[in-house]
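A look at the structure
Spelled out, the chains give:
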Amino acid sequence: GVVSVEMEGPNISSVISGWFSEISPMWPGEAHSLKVEKILFQGKSDYQNVMVFQSATYGKVLVLDGVIQLTERDECAYQEMITHLPLCSISNPKKILVIGGGDGGVLREVARHSSVDQIDICEIDKMVVDVSKQFFPEVAVGYEDPRVKLHIGDGVAFLKAVPEGTYDAVIVDSSDPIGPAQELFEKPFFKSVSKALRPGGVVCTQAESIWLHMHIIEDIVANCRQIFKGSVNYAWTTVPTYPSGVIGFMLCSTEGAPVDFKHPVSQIDESVRPLKFYNPEIHTAAFSLPTFAKKVIEAK
Ligand code: SAM
């Protein structure tokens, strides 16, 4: 049967004959598909369409505006890397800000760092938080940490109001740059991130795929080189359910004590909850780029 997933934006993903196909102008000419066992939730918030389905092979799947945000099976590859790449690169991080990330997975990972005493999160869409708590308890468990303070609002506006030098690290766990996350990829936003960081503070932002989005990555790198006077690096990980199967991160530091992102300075205490993906070897390896990407990124 055909269950159409209501879409108003440019993405025209659909569930046809029991398969979810992810169709978007951000990856023209290709569409990854997952077999659907059951659609568990469909809603429309003020910002986007929200859907949850049970897949045949990746567990439950969260979809925003027709684009897969996470699956139970491979979310570890994303959440652990976007969090521990920046936090294991500095010693004793204390104040952390997460932009986006409403599912709570990054919070869960930040909470592993015992030096941290404040975890702020600014997510634009309360429906993402509620749906994650209802359908993804292993991810939303991040909200149970008493250090977490949730702010519902636009990350751009939130950052503008942050006093200079507040955070040791900012993690931008955003959706793609079409829709509510568009400004999170633009230069003024990176400027406010750099102001919000202490000297020698670090930022890690979701930075798309080297297979699909070299032009977006080029722009982000060029902006970051102008704004972040410490170091500017690109790293990547594999996430099978993201378009092209890989996703990258931009890791930058502000001027101050230098940060060598390629060599972690701290390790994770795994006694409470073992890691599934991150380890110190994969941390260092994540900064090794294929030749075609290295040429473009290093030339900027
Ligand atoms: N953690 C996910 C994963 O494992 O792949 C990544 C996606 S996360 C759900 C992206 C979040 O960014 C969404 O919940 C979306 O609502 C939020 N978002 C988009 N634009 C935003 C903005 N301007 N300010 C704050 N949050 C925003």
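Residues numbered from 1 in each chain as written. Predicted model: local features only at pLDDT ≥ 70, side-chain atom pairs only at ≥ 80, totals over all residues. Heavy atoms only, no water.

An unreviewed UniProt entry annotates the chain as spermidine synthase of Heracleum sosnowskyi. The record in UniProt for the chain states the following under Pathway (unreviewed entry): "Amine and polyamine biosynthesis; spermidine biosynthesis; spermidine from putrescine: step 1/1." (UniProt positions renumbered as here; feature names shortened; annotations may be inferred.)

Observations concerning helix α1 (residues 75-87)
The terminal C-alpha atoms of α1, which comprises 13 residues, lie 18 Å apart, in line with the 18 Å expected from a rise of 1.5 Å per residue. Of all the bends in α1, the largest measures some 25° and sits at M81. In terms of burial, α1 is a largely internal element, 13 of the 13 residues being buried. (Helix = DSSP H or I, 4+ residues; strand = E, 2+ residues; numbered from the N terminus. Expected span 1.5 Å × (residues − 1). Bend = angle between axes of the 7 residues up to and from the residue. Buried < 20%, exposed > 50% of the residue type's maximum accessible area, 1.4 Å probe, protein only.)

A short note on the UniProt feature "active site" (unreviewed entry) in the chain
UniProt records the feature "active site" (unreviewed entry) at D173, using the numbering of this structure. If you trace the backbone, D173 turns up in strand β11 (residues 167-173). We classify D173 as buried; its relative accessible area is 8%. Ignoring anything within four residues of it in the chain, the contact list for D173 reads Y78, Q79, I82, I99, G100, G101, D103 and V106. There is a polar contact of 2.6 Å between the side chain of D173 and the side chain of Y78. (Contact = heavy atoms within 4.5 Å. Polar contact = N/O pair within 3.5 Å; in protein donor to acceptor, adjacent residues only side chain to side chain.)

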